[in-house]
Amino acid sequence: MKREGRLSRTRVLEGAQEPVAMIDGKRVINLSSNNYLALANHPAMKQAAKEAIDRWGVGTAAVRPIIGTMTLHEELERRLARFKGTEAAALFQSGFTVNVACCQSLMDAEDQLLISDELNHASIIDGARLAKAPRKIYPHRDMEALQAILESPESRRAARKLIVTDGVFSMDGDVAPLPRIVELAERYDAMVMVDDAHATGVMGKNGRGTPDHFGLSKRIQVQIGTLSKAVASVGGYAAGSRDLADYLRATGRPFIFSSSHPPSVVATCLKALDLLENEPERIKTLWDRARHFKEGLKNLGFDTGLSETPITPVMVGDTEKARRMSERLFEEGVFALSIGFPIVARGKERLRTIVTAGHASEDLDRALEKFGLVGRELGVI
Ligand SMILES: *Cc1c(COP(=O)(O)O)cnc(C)c1O
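All values reported here derive from a predicted model rather than from experimental measurement.

(A) The side chain of His140, seen in detail. Mapped onto the fold, His140 is located in the loop between strand S5 (135-138) and helix H5 (143-151). In this structure His140 touches Asp117, Glu118, Leu119, Phe169 and Asp174, once residues within four positions along its chain are discounted.

Next up, the structure:
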């Protein structure tokens, strides 16, 4: 991998995850975290963690079904259900593990069918590999292809069908066509699972996610979210019916065989939900900043792809050039990760930028100035 230039270096934070941060000995504008609402170093979040440590200790030292469930874990599950507008929610250690568990547990027989967008997250791909059901992949957001799969004999024979999609796609920042997906699912009697890792805290009322954004919360059977991005802690959950949550707690292998969240983590998640419900202005700031930055990039002449959210790719079209652009920007005080093949297709190599509510307009203007400078230098614009 090293010989082929496929080993990228890990940048290291020398302090908190901040919009302008110390990274590898340099103060840079940080456009690479998922800290959408700037909660990772928020005083109320830190206070909640400290208080939880004093009352509950530092860990559970058990898996949930044995003795790793504190009243705090159940409180978070109830709060997540209320937030997502569902009957119940099952809490997992991460977004990755909840996706694996859902695909594996819901698709546990050979006469079922898992149907997945080609650009879904790696954890959905791995979950599908662990599922007993066969899988069909449709080209990204291609609803005719999805319909063709649903009409196929294999699908018509299937005892249970699950359509899985990211709500917001993590590399392009585009949004799944949920109204059409739900319409097709209802017509062909399939369930829908939406992974809102990048939409929770970002889209919908108070950041409730893409089902809420489209007014479809009651018509989507499985709402996945993470607590590791806008919520700025760590964890994942599946929200839906009480039967769904009970079933996942009874069969989800990461839930049964891997230990539960430390109480301080649960307490920060609860605090983040308070902040989302009581201070929604943070979400408005996020979108204002994101729009400003995206327009700035377009005005400079960059191709920002299909992005409709605070994730904005800057298309470069060459792995080496994308890497070089990221290096040069870092020298100029801006951190934007380069993403090359095989994470994205050849020709789609890019830098990925994520703006947060914590970035000051001046930070973003300075970042735009540097993008202009380096983009011209490398002939990207
Ligand atoms: C980040 C991400 C995950 C994984 O979430 P973690 O909580 O970090 O494990 C799952 N799905 C999507 C779409 C993601 O972007």
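(B) Representation of the domain arrangement of the protein chain. On domain assignment, one finds that the protein chain holds domain 1 (20-30 + 280-377) and domain 2 (43-278). Here the C-alpha centroids of domain 1 and domain 2 sit 28 Å apart. Taken together, the contacts link 18 residues of domain 1 with 19 residues of domain 2. The junction of domain 1 with domain 2 conceals about 1400 Å² of combined surface from both sides, 60% of it contributed by carbon and sulfur atoms. In this structure, the connection of domain 1 to domain 2 is made through 2 salt bridges. Taken together, domain 1 and domain 2 are joined by 8 residue pairs in polar contact (both at pLDDT 80 or more). Residue assignment for the side of domain 1 that touches domain 2 shows that the elements contributing at least two residues are helix H12 (281-300), strand S10 (311-315) and strand S13 (350-354).

(C) Focus on the site of the ligand. Around the ligand, the structure places 15 residues, and the nearest of them are Gly95, Phe96, Asp195, Ser228 and Lys229. A distance of 2.9 Å separates an oxygen atom of the ligand from a polar backbone atom of Phe96. In isolation the ligand has 380 Å² of accessible area, and contact with the protein removes 86% of it. Among the residues forming the shell around the ligand, the class breakdown is 2 nonpolar, 10 polar and 3 charged.

(D) Representation of the sheet that holds strand S4 (residues 112-117) in the model. Sheet architecture is open: 7 strands sit in the order S3-S9-S8-S7-S6-S4-S5, paired in mixed fashion. Taken across any chain shown, the strands that pair with only one partner, and hence form the sheet edges, are strand S3 (88-92) and S5. With direction set aside, neighbouring strand axes in the sheet form an average angle of 20 degrees. Taken together, the 5 bridges between S4 and strand S6 (residues 160-166) define a ladder with parallel strand orientation. Residue Leu113 lies in a different strand from S6, and its bridge partner there is Lys161.

(E) Representation of the side chain of Asp195. In this fold, Asp195 is placed in strand S7 (residues 191-195). Lys229 is the oppositely charged side chain nearest to the buried, salt-bridge-free Asp195, at an N-O distance of 6.8 Å. A polar contact of 2.9 Å, which involves the side chain of Asp195, links it to the side chain of Asn99. Aside from chain neighbours lying at most four places away, what touches Asp195 is Asn99, His121, Ile124, Thr165, Asp166, Gly167, Val168 and Ile224.

(F) Structural view of the sheet that holds strand S12 (residues 337-339). In spatial order, the strands read S10-S13-S12; together these 3 strands make up an open sheet with antiparallel pairing. The sheet is open, and its two edges are formed by S10 and S12, each paired on a single side. Put simply, the sheet's adjacent strands are angled 35 degrees from each other on average, direction ignored. With 3 bridges connecting them, S12 and S13 associate as antiparallel partners. Paired with Ile339 across the two strands is Arg350, which belongs to S13.

(G) Summary view of the pairing of S3. In terms of burial, S3 is largely enclosed, as 5 of its 5 residues are buried. Of the two faces of S3, the one carrying Ala88, Ala90 and Phe92 and the one carrying Ala89 and Leu91 are both buried. The pairing of S3 with strand S9 (residues 236-240) spans 5 bridges and is classified as antiparallel. From the neighbouring strand, Ala88 faces S9, where its bridge partner is Gly240.

(H) Inspection of the state of the cysteines at higher detail. Summed over the entire model, instances satisfying the criterion amount to 0 disulfides. Take Cys102: it sits in no disulfide, and the sulfur closest to it among the cysteines is that of Cys103, at 6.8 Å. Cys103 sits in the buried class, given a relative accessible area of 0%.

Scoring rules and cut-offs
- Residues numbered from 1 in each chain as written.
- Predicted model: local features only at pLDDT ≥ 70, side-chain atom pairs only at ≥ 80, totals over all residues.
- Heavy atoms only, no water.
- Helix = DSSP H or I, 4+ residues; strand = E, 2+ residues; numbered from the N terminus.
- Contact = heavy atoms within 4.5 Å.
- Domains from an automatic or database assignment.
- Buried area = accessible area lost by both parts, 1.4 Å probe.
- Salt bridge = Lys/Arg side-chain N within 4 Å of Asp/Glu carboxyl O.
- Polar contact = N/O pair within 3.5 Å; in protein donor to acceptor, adjacent residues only side chain to side chain.
- Near = heavy atom within 4 Å.
- Areas by Shrake-Rupley, 256 points an atom, 1.4 Å probe, with all protein chains shown as cover.
- Nonpolar A, V, L, I, M, F, W, Y, C, P; charged D, E, K, R; others polar.
- Pairing = 2+ DSSP bridges.
- Axes fitted to C-alpha atoms, helices over the stretch in contact; angles between N-to-C directions.
- Buried < 20%, exposed > 50% of the residue type's maximum accessible area, 1.4 Å probe, protein only.
- Lys, Arg positive; Asp, Glu negative; His and termini not counted.
- Disulfide = S-S within 2.5 Å.

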